[in-house]
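Chain residues, written in single-letter form:
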Amino acid sequence: MRRKRVSKRVTMTDIARAAGCSQATVSFVLNKTPGIKLAAETRERVIDAARALGYAAPNFAHLDTADILAPALDGKIGFVVDQLATSPEAVVAIEGARQASWNAGNIILVAQTLNDPEMEPRTIRALREQGISALIYMAIFTREVVLPAAVYELDVPVVLINCYTADHAFPAVVPSEIAGGQHSTRHLIQHGHRRIGTITGEPWMEAAKDRLKGYRRALATADIPFDAKLVIEGDWSASAGYDATRKLLALHDRPTAIFCQNDRTAIGCYEALKEAGMRIPEDISVIGYDDEEISRHLHPQLTTSVLPHRAMGRWAIEQLDGYAPSSSGTRYPITKLECPLVERLSVAECAEKLAVFS
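Quick caveat: nothing in here was measured; it's all calculated off a predicted structure.

Thoughts on the side chain of Glu-120
Then, number 1: Take Glu-120: it is sitting in helix H5 (residues 119-129).
Then, number 2: No salt bridge forms around the buried Glu-120; measuring N to O, its nearest opposite-charge neighbour Arg-143 is 7.0 Å away.

Structure, rendered in structure tokens:
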């Protein structure tokens, strides 16, 4: 007689694995733990994973992704970005804003400016003539920006994504890059690695500087001496990742893990390691950053961190609910959203078992 199959009970560990986050994060979301600030995208990812796996609990039955989305205005929202055609990040942020605003009937009007000193003010004024009820201003590279006077002249709410102004005149949101770099490096340390190389981006960029700060903080917290020879400057490209990895492998005391500070760098890193006959992660662990689509298709799949552009788009919409244009002298803080780590298959315990950090 055929034995009746017993369905496996879905646990929070299962959900955490599917959502690419920690079990603690799953618990916070599903139990609606008060006082815990998580990105809306993280909450949605957990809820979606729980539903897909058939998770059943009394408190979960009444939990809805709508609980974490706050529809704001009812009208047209202008979305100005410096680069659109050459960057997927802008499209992701726009989609996040759209998802968060459509329930209220908002239309997103998108314009690219290329930071042109003449066209940018004209673009903003054209959007104002279209009757926008709010403006979202986005920069592709995280940085301080100088906004044209046309922005200050608007009589509608203004929110900044991935940038901020020296006068803090508008609400602004950026990725928490220092924490992201620290979390990525700590993940390698927790797997027993102490010789951790890193391939940076261009040093003039805030993201590159902050991710390196996070790397150094994680080492310091674990009492691991900083070694400048393990830091190789790159330019975010696959070719730079390839060249930098070869330099790291040429060291007398080469690293057991490499933190590539974006996923494209990791592509080149993979190629150099495989060319050298090294297996990932058995011989050396690799971690990336950005969670680009390619990270899911590398062999092995790349452990990486999510750049929260979608979450920043949603955050911008949420700020518009009940927001009024700032009065003279008002200063808004810069909000930093987490860059969640997505654990995949490119990180393993250090073969040398030099240390374990917890």
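Examining the sheet that holds strand S1 (residues 76-81)
Then, number 1: Read across the sheet, six strands follow the order S2-S1-S3-S4-S5-S11 without closing on themselves; strand pairing throughout is parallel. Taken across any chain shown, the strands that pair with only one partner, and hence form the sheet edges, are strand S2 (107-112) and strand S11 (334-337). For this sheet the average axis-to-axis angle between neighbouring strands, irrespective of direction, equals 25 degrees.
Then, number 2: The pairing of strand S4 (residues 158-164) with strand S5 (residues 172-175) spans two bridges and is parallel. By the bridge assignment for S5, Ile-161 is matched with Val-173.
Then, number 3: Across the face of the sheet, H5 comes into contact with S1, S2 and strand S3 (132-144) while running at roughly 155 degrees to S3.
Then, number 4: Contacts from helix H11 (residues 309-319) reach S1, S3, S4, S5 and S11, with the element oriented near 155 degrees to S4.

Comments concerning the layout of surface pockets
Then, number 1: By volume, the largest pocket amounts to about 540 Å³.
Then, number 2: In this structure, the largest pocket is lined by 23 residues; those nearest its centre are Glu-41, Asp-291, Arg-296, Val-306 and Arg-310.
Then, number 3: At the level of secondary structure, the elements contributing two or more residues to the lining of the largest pocket comprise helix H1 (12-19), helix H3 (40-53), helix H4 (88-101) and H11.
Then, number 4: For the lining of the largest pocket, the leading source of residues is H3, giving four residues.
Then, number 5: Of the residues belonging to the lining of the largest pocket, the class tally is eight nonpolar, two polar and 13 charged.
Then, number 6: When its volume is computed, the second largest pocket comes out at roughly 440 Å³.

Here we look at the packing of H1 against helix H2 (residues 23-30)
Then, number 1: Between H1 and H2, the least distance of the axes is 8 Å, while the angle of their chain directions is 105 degrees. What the angle tells us is that H1 and H2 run roughly perpendicular. Every residue of H2 that contacts H1 at Met-12, Thr-13, Ile-15 and Ala-16 is listed here: Gln-23, Val-26, Ser-27 and Leu-30.
Then, number 2: Taken together, the residues that form the contact of H1 with H2 break down as five nonpolar, three polar and no charged.

Some points on the pattern of salt bridges
Side chains that carry opposite charge are capable of pairing whenever their charged atoms lie near each other.
Then, number 1: Taken as a whole, this structure holds 15 salt bridges when the rule is applied.
Then, number 2: Linking Arg-264 and Glu-292 is a salt bridge whose minimum nitrogen-to-oxygen distance equals 3.1 Å. Of this pair, Arg-264 sits in helix H10 (residues 263-275) while Glu-292 is found in the loop between strand S9 (285-287) and strand S10 (304-305), placing the two residues 28 residues apart along the sequence.
Then, number 3: The salt bridge involving Asp-291 is made with Arg-344; its shortest N-O contact spans 3.0 Å. Of the two residues, Asp-291 sits in the loop between S9 and S10 while Arg-344 sits in the segment after strand S12 (341-342), which places them 53 residues apart along the sequence. The burial state of Asp-291 is the same as that of Arg-344; both residues are buried.
Then, number 4: Put simply, Arg-195, Asp-227, Lys-229 and Asp-253 are held in one network by salt bridges that share partners.

Section: the confidence of the model for the chain
Then, number 1: Per-residue confidence for the chain gives a mean pLDDT of 87, with 86% of residues at or over 70.
Then, number 2: Note on residues 354-358: pLDDT under 50 across the span, and 12 contacts to partners over four residues away in sequence or across chains.

A closer look at the packing of aromatic side chains
Aromatic ring pairs are defined here through the distance separating the ring centres and the angle between the ring planes.
Then, number 1: On inspection of all chains with the given rule, the structure shows four aromatic pairs.
Then, number 2: Aromatic pair Tyr-152 and Phe-170: ring centres 5.2 Å apart, planes at 55 degrees, arrangement tilted. Here Phe-170 lies in the loop between S4 and S5 and Tyr-152 lies in helix H6 (residues 149-152), a separation of 18 residues in the sequence.
Then, number 3: Seen from their ring centres, Phe-259 and Tyr-289 are 6.4 Å apart, and the 40 degrees between their planes marks the pair as tilted. Residue Phe-259 is located in strand S8 (residues 257-260), and its partner Tyr-289 is located in the loop between S9 and S10; the two are separated by 30 residues in the primary sequence. Of the two residues, Phe-259 and Tyr-289, neither departs from the other in class, the shared state being buried.

Calculation notes
Residues numbered from 1 in each chain as written. Predicted model: local features only at pLDDT ≥ 70, side-chain atom pairs only at ≥ 80, totals over all residues. Heavy atoms only, no water. Helix = DSSP H or I, 4+ residues; strand = E, 2+ residues; numbered from the N terminus. Buried < 20%, exposed > 50% of the residue type's maximum accessible area, 1.4 Å probe, protein only. Lys, Arg positive; Asp, Glu negative; His and termini not counted. Salt bridge = Lys/Arg side-chain N within 4 Å of Asp/Glu carboxyl O. Pairing = 2+ DSSP bridges. Axes fitted to C-alpha atoms, helices over the stretch in contact; angles between N-to-C directions. Contact = heavy atoms within 4.5 Å. 1 Å grid on protein atoms, 1.4 Å probe; cavity = no way out; pocket = protein on both sides within 12 Å on 5 of 7 lines; lining within 4 Å. Points joined across faces, edges and corners; volume = space filled by probe spheres on them. Nonpolar A, V, L, I, M, F, W, Y, C, P; charged D, E, K, R; others polar. Parallel < 35°, antiparallel > 145°, perpendicular 65-115°, else oblique. pLDDT = per-residue confidence, 0-100. Phe/Tyr/Trp six-rings, centres within 6.5 Å; stacked < 30°, edge-to-face > 60°.

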